[in-house]
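Listed below are the residues making up each chain.
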4 protein chains.
Amino acid sequence: MKTIRELDLSDARKLLEGARALEIGVPMCIAIADSAGNLLAFERMDGGKITSIVIAIDKAFTAAAARKATHEYGEASQPGSPAYGINSAIGGRLMIVGGGLPVQVDGEVVGAVGVSSGTPLQDRAVAQAALDHFSAAG
Amino acid sequence: MKTIRELDLSDARKLLEGARALEIGVPMCIAIADSAGNLLAFERMDGGKITSIVIAIDKAFTAAAARKATHEYGEASQPGSPAYGINSAIGGRLMIVGGGLPVQVDGEVVGAVGVSSGTPLQDRAVAQAALDHFSAAG
Amino acid sequence: MKTIRELDLSDARKLLEGARALEIGVPMCIAIADSAGNLLAFERMDGGKITSIVIAIDKAFTAAAARKATHEYGEASQPGSPAYGINSAIGGRLMIVGGGLPVQVDGEVVGAVGVSSGTPLQDRAVAQAALDHFSAAG
Amino acid sequence: MKTIRELDLSDARKLLEGARALEIGVPMCIAIADSAGNLLAFERMDGGKITSIVIAIDKAFTAAAARKATHEYGEASQPGSPAYGINSAIGGRLMIVGGGLPVQVDGEVVGAVGVSSGTPLQDRAVAQAALDHFSAAG
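Because the structure is predicted, anything quoted here is derived from the model rather than measured.

K.L.:
Summarise the overall build of chain A; cite the residues concerned and give the values.
P.N.:
Check the secondary structure of chain A and you find 5 helices and 4 strands. Reading the helices (α) and strands (β) of chain A from amino to carboxyl end gives α-β-β-α-α-α-β-β-α. Expected size for 138 residues packed as a compact globule is a radius of gyration near 14 Å; at 14 Å, chain A falls within 12% of this value. Oriented by its inertia axes, the alpha-carbon framework of chain A measures out at about 45 × 40 × 20 Å. Burial statistics for chain A: of 138 residues in total, 54% are counted as buried.

K.L.:
Go over the relation of the copies chain D and chain A with me, naming the residues and quoting the values.
P.N.:
Both copies of the chain are related by one operation, a rotation about an axis with a shift along it. Of the transformation placing chain D onto chain A, the axial shift is 0.4 Å and the rotation is 94°, giving an RMSD of 0.1 Å. When the rotation and shift are considered jointly, the pair of chain copies conforms to a four-fold rotation axis.

K.L.:
Tell me about the nonpolar core, and please be specific about residues and values.
P.N.:
Note that soluble globular proteins tend to have their nonpolar side chains buried in a common cluster. Judged by nonpolar contacts, the single largest core of 38 residues is most densely connected at A:Leu39, A:Phe42, B:Leu39, B:Phe42, D:Ile86 and D:Leu94. Breaking this core down by element, the ones donating at least two residues are β1 (29–34), β2 (39–44) and α2 (51–65) of chain A, β2 (29–34), β3 (39–44) and α2 (51–65) of chain B together with α2 (51–65) of chain D. Looking at which element gives the most residues to this core, the answer is α2(A), with 7 residues. Among residues more than four places away in sequence, those in contact with B:Leu39 are A:Phe42, A:Arg44, A:Ile53, A:Ile57, B:Ala31, B:Ile32, B:Ala33 and B:Ile57. One finds B:Phe61, C:Met95, D:Ile57 and D:Ala60 within the second-largest nonpolar core, a separate group that totals 37 residues.

K.L.:
Could you give an account of the relation of the copies chain B and chain A, naming the residues involved and the relevant values?
P.N.:
The two copies are related by a screw motion: chain B maps onto chain A through a turn of 180° and a shift of 0.1 Å along the axis, at an RMSD of 0.1 Å. Considering both components of the superposition, the chain copies are consistent with a two-fold axis. Closest approach to the rotation axis among the C-alpha atoms of chain B is made by B:Phe42, whose C-alpha sits 2.4 Å away. When the interface residues of chain B are mapped onto chain A, 100% of them again fall at the interface, so both copies present the same face.

K.L.:
Break down the side chain of D:Ser116 for me, citing the residues and quoting the values.
P.N.:
Residue and element names in this part refer to chain D. Tracing the backbone through its elements, the reader meets Ser116 in strand β5 (residues 108–116). Side chain to side chain, Ser116 and Ser52 meet in a polar contact 2.8 Å long. Contact partners of Ser116, with chain neighbours within four places excluded, come to Met28, Cys29, Ser52, Ile55, Ala56, Lys59 and Asp123.

K.L.:
Describe the packing of helix α1 (residues 9–21) of chain A against helix α5 (residues 120–137) of chain A, naming the residues involved and giving the relevant values.
P.N.:
Residue and element names in this part refer to chain A. Two elements in contact, α1 and α5, have axes separated by 7 Å at closest approach and are oriented at 125°. By the angle class used here, α1 and α5 are oblique. Once α1 is placed against α5, the crossing between them reads as right-handed. Listed contacts from α5 to Asp11, Lys14, Leu15, Glu17, Gly18 and Ala19 of α1 are Val126, Ala129, Ala130, Leu131, His133, Phe134 and Ala137. Residues belonging to the contact of α1 with α5 are distributed by class as follows: 8 nonpolar, 2 polar and 3 charged.

K.L.:
How would you explain the interface of chain D and chain A if you had to name every residue and give the values?
P.N.:
The interface of chain D with chain A comprises 20 residues on the first partner and 22 residues on the second. Together chain D and chain A conceal approximately 1,600 Å² of surface at their shared face, both sides included; 60% is due to carbon and sulfur atoms. For the chain D face of the interface with chain A, the top three residues by lost area are D:Tyr84, D:Ser88 and D:Ile90, together amounting to 33%. Between the two partners, chain D and chain A, sit 0 salt bridges. Linking chain D with chain A are 5 residue pairs in polar contact (both at pLDDT 80 or more), by the criterion used here. A per-class count over the side of chain D that touches chain A returns 13 nonpolar, 5 polar and 2 charged.

K.L.:
Could you give me a rundown of the layout of surface pockets, with the residues and numbers involved?
P.N.:
Taken as a whole, the second largest pocket encloses approximately 730 Å³ of empty space. What lines the second largest pocket is a set of 35 residues, among which B:Ile4, B:Glu6, B:Ser35, D:Ile4 and D:Glu6 lie closest to the centre. Among the secondary structure elements, those contributing two or more residues to the lining of the second largest pocket are β1 (2–6), α2 and β5 (108–116) of chain B together with β1 (2–6), α2 and β5 of chain D. Among the residues making up the lining of the second largest pocket, the classes are represented as 12 nonpolar, 9 polar and 14 charged.

K.L.:
Lay out the packing of aromatic side chains with the relevant residues and their values.
P.N.:
A complete count under the given rule lists 0 aromatic pairs over all chains for this structure. Here the guanidinium or amino end of B:Arg93 rests over the ring plane of B:Phe61, the centre of that ring lying 4.0 Å away.

K.L.:
Before we move on, could you go through the state of the cysteines and cite the residues and values that matter?
P.N.:
Summed over the entire model, instances satisfying the criterion amount to 0 disulfides over all chains. Unpaired in this structure, C:Cys29 has its nearest cysteine sulfur neighbour in D:Cys29, at a distance of 19 Å.

K.L.:
Can you tell me about the sheet that holds strand β2 (residues 29–34) of chain D, naming the residues and giving the values?
P.N.:
Strands sit in the order β3(C)-β4(C)-β1(C)-β2(C)-β3(D)-β2(D)-β5(D)-β4(D) across an open sheet of 8 strands; the sheet is antiparallel. At either margin of the open sheet sits one strand with a lone partner, and together these are β3 (100–105) of chain C together with β4 (100–105) of chain D. On average, adjacent strands in this sheet sit at an angle of 20° to one another, irrespective of strand direction. Examined bridge by bridge, strand β2 (residues 39–44) of chain C and strand β3 (residues 39–44) of chain D share 3 bridges and lie antiparallel to one another.

K.L.:
Residues and numbers for helix α4 (residues 120–137) of chain B, please.
P.N.:
All names here are of chain B. Along its 18 residues, α4 runs 26 Å from first to last C-alpha, staying within 8% of the 26 Å computed at 1.5 Å per residue. By the burial criterion, the buried members of α4 are Asp123, Val126, Ala127, Ala129, Ala130, Leu131 and Phe134. Turning to α4, the residues buried within the fold contact α1 (9–21), α2, β4 (100–105) and β5.

K.L.:
Give me the lowdown on the environment of A:Thr119, citing residues and values where you can.
P.N.:
With respect to the helices and strands, A:Thr119 occurs in the loop between β4 (108–116) and α5. Spatially, the C-alpha atom of A:Thr119 lies 14 Å from that of A:Thr70, the residues being 49 residues apart in sequence.

K.L.:
Tell me about the pairing of strand β1 (residues 29–34) of chain C, and name the residues and values.
P.N.:
Moving residue by residue along a regular strand, the side chains alternate between the two faces of the sheet. Residue and element names in this part refer to chain C. With respect to burial, β1 is a largely interior element, 6 of its 6 residues being buried. Residues Cys29, Ala31 and Ala33 of β1 are buried on one face, and the alternating residues Ile30, Ile32 and Asp34, pointing to the opposite face, are buried as well. By the bridge criterion, 5 bridges tie β1 to β2 in an arrangement that is antiparallel. Its bridge partner being in β2, Ala33 is matched across the sheet by Leu39.

K.L.:
Kindly report on unusual backbone geometry, identifying the contributing residues and their values.
P.N.:
Positive phi is not limited to glycine here, since B:Asp106 has a value of about 55°. Topologically, B:Asp106 is positioned in the loop between β4 and β5.

K.L.:
Provide a residue-level description of the interface of chain B and chain A, including the pertinent values.
P.N.:
Facing the 17 residues of chain B at the interface are 17 residues of chain A. Here chain B and chain A share an interface that buries about 1,500 Å² over both sides, 50% of which is from carbon and sulfur atoms. For the interface between chain B and chain A, the tally reads 4 salt bridges. Between B:Arg13 and A:Glu43 there is a salt bridge, and its shortest N-O distance comes to 2.8 Å. In this structure, the connection of chain B to chain A is made through 13 residue pairs in polar contact (both at pLDDT 80 or more).

Cut-offs used in this document
- Residues numbered from 1 in each chain as written.
- Chains lettered and ligands numbered in written order.
- Predicted model: local features only at pLDDT ≥ 70, side-chain atom pairs only at ≥ 80, totals over all residues.
- Heavy atoms only, no water.
- Helix = DSSP H or I, 4+ residues; strand = E, 2+ residues; numbered from the N terminus.
- Rg over C-alpha atoms; globule rule 2.2 N^0.38 Å.
- Buried < 20%, exposed > 50% of the residue type's maximum accessible area, 1.4 Å probe, protein only.
- Least-squares fit on C-alpha atoms with pLDDT ≥ 70 in both.
- Core = buried A, V, L, I, M, F, W, Y, C linked by side-chain atoms within 4.5 Å.
- Contact = heavy atoms within 4.5 Å.
- Polar contact = N/O pair within 3.5 Å; in protein donor to acceptor, adjacent residues only side chain to side chain.
- Axes fitted to C-alpha atoms, helices over the stretch in contact; angles between N-to-C directions.
- Parallel < 35°, antiparallel > 145°, perpendicular 65-115°, else oblique.
- Left-handed = near helix turned anticlockwise from the far one by under 90°.
- Nonpolar A, V, L, I, M, F, W, Y, C, P; charged D, E, K, R; others polar.
- Buried area = accessible area lost by both parts, 1.4 Å probe.
- Salt bridge = Lys/Arg side-chain N within 4 Å of Asp/Glu carboxyl O.
- 1 Å grid on protein atoms, 1.4 Å probe; cavity = no way out; pocket = protein on both sides within 12 Å on 5 of 7 lines; lining within 4 Å.
- Points joined across faces, edges and corners; volume = space filled by probe spheres on them.
- Phe/Tyr/Trp six-rings, centres within 6.5 Å; stacked < 30°, edge-to-face > 60°.
- Lys NZ or Arg CZ within 6 Å of the ring centre and 35° of its normal.
- Disulfide = S-S within 2.5 Å.
- Pairing = 2+ DSSP bridges.
- Expected span 1.5 Å × (residues − 1).

And the structure:
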């Protein structure tokens, strides 16, 4: 038997709060997943893109379930690189575009944040703001 | 050109609040969709079922996009009834199990609530609590 | 080698015209497929349901590609009947709810009409109106 | 509550008309989506490709729901660029090949046109012809 730690809903809300607080003028879709990659909480800010609903959820899924930031997959899957083509895996759910970051506690992945609607760099900055707020609040 | 009204994120939060307030001792997945059925906000209460994530999202999708409570589809699609078999449409997204209710304002569907994790009757009661709280707050 | 006859776009427009002409006060989604079940033309009338987009397209697909009215599948797939469960085939695309009718010329299926947004009986009446108008115009 | 404007069916027909009017000798699939990316109208000209049915529909979906021309995604997702790999998102529905253009009215995206069957540049020219005709007719 084993015991795993994972985010609960109040943690998820703190992460959402941190994401919203970084005001960069781009309405975002923000998804929080647990350690298995399953959705805990989601918000689409007014003006967030419809396409970004699934993308944010899948960035959080990827970052949690693969225990890896999505932009790292982007780097590892360039043409000629070993993970080339990984982006279409799992019916296209494996996201390699930045904006999905694992949430770690004591070096252990306990969940993830996925953000979409801006540029990948903006998405990643908002996801990082969620993590920073969560660490500070913890 | 036409003009349509739909829920915004602050409306979605009021609906989530109303759903959570009905304390029946069953942790739920609660999804709020806009008038086209696209996800606006979602929460999985601690203990909410993993299978219910998609089910709640699809109940909200169905109730908004078909402008019909999901339990009404259940009644209309019994064996021998004209809509029998509708439940597998749209890749299985068309939900006929109770717990998806349209949100109406002035007789117009502006979004929907989808609830899952309890019995269909419990899910429906929680969705109704969301609507009641929203009307009272409006 | 073989030669097949199938609907062209001007036929598809005649079918759409016939479907629209039956004014029953329910805004419909109307899809016209060729003999292989592939979409030729589609219209969502103002107020047609979002869920009915895929359903209308899949009714036309089923009626053309299986050369069978969708309501006949409904009858043949009731519990205890040999085709029970066929509705979830092809990822749920095989529609057994009324509203999909093959278009026949000289006893040969050359395409189909799929209608959705009303009750299955209303959908079927509108699909029939499309066929009647097409025959009269032919 | 918020209010959004979107295309209606008569607008969609004007867009189809404009797309057909650009006679470049390539039979096209042409899809018109509303502001949420959902299909409003579709025509496959005689000889339009079967593969282009879904591609045209998904180009219109992407351009409307992401409020961005599909060729812009193509540029932003080249190997080494931040959005690399975005094309397999949403089950592959996110199209990055030219031919999907948002329809804007007063700076607001109210829908989109998606065209497929020619080269991406031809598809884009036909989608642009639809927009130009719509603006002129408006």
